[in-house]
Amino acid sequence: MTGHPESDVLAEFQAGLVTGRRRASIASHLAACDRCAGLSDQLGEIPALLAAAPALAMPDDVARRLDLVLAAEAAKRDSSERTVDDSPAHPPASPEPRRRWDFRLVTQRILVPAAAVVVLAAGGFGLSRVTGSSSSSSAASGSAAAPAPSVQPASGTAAARSGATRGSPAIVAPHNFPVVNSGTNYLRATLRQQLETELRQHTESAAGPHVLASGSLKGCVQRVTQGTIPGTLVLVERAHFQGQPAIVIVAASGVHDTAWVTASGCSASSDHVLATATLPGTSAP
Amino acid sequence: MPAPVPISGPISGGEGPSDTELLRRHVAGDSDAFGELFRRHRDRLWAVALRTVCDPEEAADALQDAMISAFRRAGDFRGDSAVTTWLHRIVVNACLDRLRRRAVRPVTSAGDEQALEALLAHNPDPAGATDTRLDIDAALRMLPAPQRAALVVVDMLGFSVDDAAAILDTSPGTIKSRCARARARLLPYVAHLRGNRSATERVSPAQGGDT
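First, a word on what this report is: a plain description of the structure on this page. (Residues numbered from 1 in each chain as written. Chains lettered and ligands numbered in written order. Predicted model: local features only at pLDDT ≥ 70, side-chain atom pairs only at ≥ 80, totals over all residues. Heavy atoms only, no water.)

1. Re helix 2 (residues 20-32) of chain A
Residues and elements named next belong to chain A.
- The first and last C-alpha atoms of helix 2 sit 19 Å apart over 13 residues, in line with the 18 Å expected at 1.5 Å per residue.
- Three or more residues of helix 2 are buried, namely I26, H29 and L30. Projection of helix 2 onto a plane perpendicular to its axis shows the buried side chains occupying an angular sector of 100°, all on one side. Facing away from the buried surface of helix 2 by more than 90 degrees, the exposed residues are G20, R21, A31 and A32.
- Elements in contact with the buried residues of helix 2: helix 1 (7-14) and helix 3 (34-51). (Helix = DSSP H or I, 4+ residues; strand = E, 2+ residues; numbered from the N terminus. Expected span 1.5 Å × (residues − 1). Buried < 20%, exposed > 50% of the residue type's maximum accessible area, 1.4 Å probe, protein only. Arc of directions from axis to C-beta. Contact = heavy atoms within 4.5 Å.)

Next comes the structure, spelled out in structure tokens:
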């Protein structure tokens, strides 16, 4: 070796990166050269000097900001899990109390998607409940001993009426359908024309106040429609017939709709069919 | 990685759930677990971020990127390294990404070294403990980012070479080489760093870049 090794060579030597003859040469130089030995000692001090550097504490504002960012992440994850937890097929296994976070300082960019998830979840929630109950309705009637007709909302009216059922709690299987309270007074002579008008209105819009069918009305529908060929329920309406409170039931089967008018006391155990009518199908074009 | 993190710190108290347990709870859906893990290590993570990017705002941004990433990718943690190693890896990589994207600090240049000399000249009492941190950080700023990151992780934070290699996604040999070159570059300032000017004469700074 001629001359003194460069400082980076000394550092590599210390780190064990120099091997073989070169290593032996540097080692013998260090033993003979006070200057290079001194530099080598200084190099060896550096790790300890750096390790002794005062610790840095995270500034409070940075700590607060990161706490909020992580809180927003946690809230976002919770809300996206909730859309899964609350679907009927996945009941919450172990409901845990959700931590409430202070969102006030979190930026809009983080908050907005989280809020959107919640709103979408609420919308999907209502729709899935309607869909779920109508499919369980057909499953229940299919497994019944009696040849009960399948009773389901027709697709067009179901979609129009789901707005009224959304948000209504306690939808009970097997039969769920909205009931129209129309106030119409049907007359025997004009029943068919009146029903056609009524059905047209209901396929165009969800006009009129809706309530969910009571237990006795469900039984009534099942009893009245029993024995007919399976179809889908198009309309259940509380109205009047010849001036007396009555229930109008319309079911689509094949190319025709069938309408029944019963007295208002109709239930699963008794019915009093006042009139029937056959209408051209409204659900089939 | 073979060796556990050989550092003492807020972790070593042994109180509360382990880091691994906190991470497991987080993955299982615990809303608070990751925040607790972060609070436990935040000062060290802040130190590595600040000393890697040399700018408080960049450090905060990098740390935010890193913590969001760690929050979301926690399920990928396989336990083949310590949780702290994993966290530091994510933070250091977020910092280096930022440095690459924005070139916040130019790598070593004559201008930087002159700036450092000027800084030292303005400090008539290098033995004053109050300025020690400033001096070390100023010295670190002269290093190319990869060397600086290696030196911060190994010498300042005390990670083993193997853990540092995992953190910086490179080989142990590269870590050793980067640290050696970084130490050689700091050699002219050792005396100042330890508050003694007497030994600084005749030492020429190492030349050459990163490995």
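2. Focus on the packing of aromatic side chains
- What the rule picks out here adds up to 2 aromatic pairs over all chains.
- Geometrically, the ring pair formed by F34 of chain B and F71 of chain B is edge-to-face, given 5.5 Å between the ring centres and 70° between the ring planes. Residue F34 of chain B is located in helix 2 (residues 33-53), and its partner F71 of chain B is located in helix 3 (residues 56-73); the two are separated by 37 residues in the primary sequence.
- Residue classification places F34 of chain B among the buried positions, given a relative accessible area of 1%.
- For the cation-ring pair, R23 of chain A lies above F13 of chain A, with the distance from its terminal atom to the ring centre recorded as 4.2 Å. (Phe/Tyr/Trp six-rings, centres within 6.5 Å; stacked < 30°, edge-to-face > 60°. Lys NZ or Arg CZ within 6 Å of the ring centre and 35° of its normal.)

3. Quick look at the interface of chain A and chain B
- The partner chain B presents 47 residues to the 39 residues of chain A that form the contact.
- Buried area between chain A and chain B, summed over both chains or domains, comes out near 4100 Å², and the portion from carbon and sulfur atoms is 63%.
- There are 5 salt bridges connecting chain A and chain B.
- One salt bridge in this structure joins D61 of chain B and R65 of chain A, with 2.5 Å as the shortest N-O distance.
- Linking chain A to chain B there are 9 residue pairs in polar contact (both at pLDDT 80 or more). (Buried area = accessible area lost by both parts, 1.4 Å probe. Salt bridge = Lys/Arg side-chain N within 4 Å of Asp/Glu carboxyl O. Polar contact = N/O pair within 3.5 Å; in protein donor to acceptor, adjacent residues only side chain to side chain.)

4. Regarding the environment of V9 of chain A
All names here are of chain A.
- Along the chain, the position of V9 falls in helix 1.
- The class of V9 is buried, set by a relative accessible area of 13%.
- Contacts of V9, omitting those with residues within four sequence positions, involve V18, R22 and I26.

5. Re the nonpolar core
- One finds W46, M67, W86 and V91 of chain B to be the most contacted residues of the largest nonpolar core, which totals 83 residues.
- Setting aside residues up to four positions removed in sequence, W86 of chain B forms contacts with L23, A70, R73, A74, F77 and S81 of chain B.
- Counting residues in hydrophobic clusters, the runner-up holds 18 residues, among them V180, L235, V261 and A277 of chain A. (Core = buried A, V, L, I, M, F, W, Y, C linked by side-chain atoms within 4.5 Å.)

6. Quick look at helix 3 of chain B
- Helix length check: helix 3 of chain B (18 residues) gives 25 Å between terminal C-alpha atoms against 26 Å at 1.5 Å per residue, within 8%.
- Its side-chain oxygen placed 3.1 Å from the backbone nitrogen of E57 of chain B, D55 of chain B serves as the N-cap of helix 3 of chain B.

7. A word on the side chain of D19 of chain B
- Looking at the element boundaries, D19 of chain B is found in helix 1 (residues 19-27).
- Reaching out from D19 of chain B, the side chain makes a polar contact with the side chain of R40 of chain B at a distance of 2.8 Å.

8. Quick notes on the state of the cysteines
All names here are of chain A.
- Summed over all chains, the structure comprises 1 disulfide over all chains.
- Each disulfide pairs two cysteine sulfurs, and for C220 the partner residue is C266, the sulfurs being separated by 1.9 Å. The disulfide joining C220 to C266 has a torsion of about 100° about its S-S bond and is therefore right-handed. Of this pair, C220 sits in helix 8 (residues 215-225) while C266 sits in the loop between strand 5 (256-263) and strand 6 (273-280); the two residues are 46 residues apart in sequence, bridging distant segments of the chain. With respect to burial, C220 and C266 carry one shared label: buried.
- Counting only cysteine sulfurs, C33 is the nearest neighbor of C36, a cysteine outside any disulfide, at a range of 3.7 Å.
- The buried category is assigned to C36, whose relative accessible area is 0%. (Disulfide = S-S within 2.5 Å.)

Scope: geometric values only; no functional claims are made or implied.
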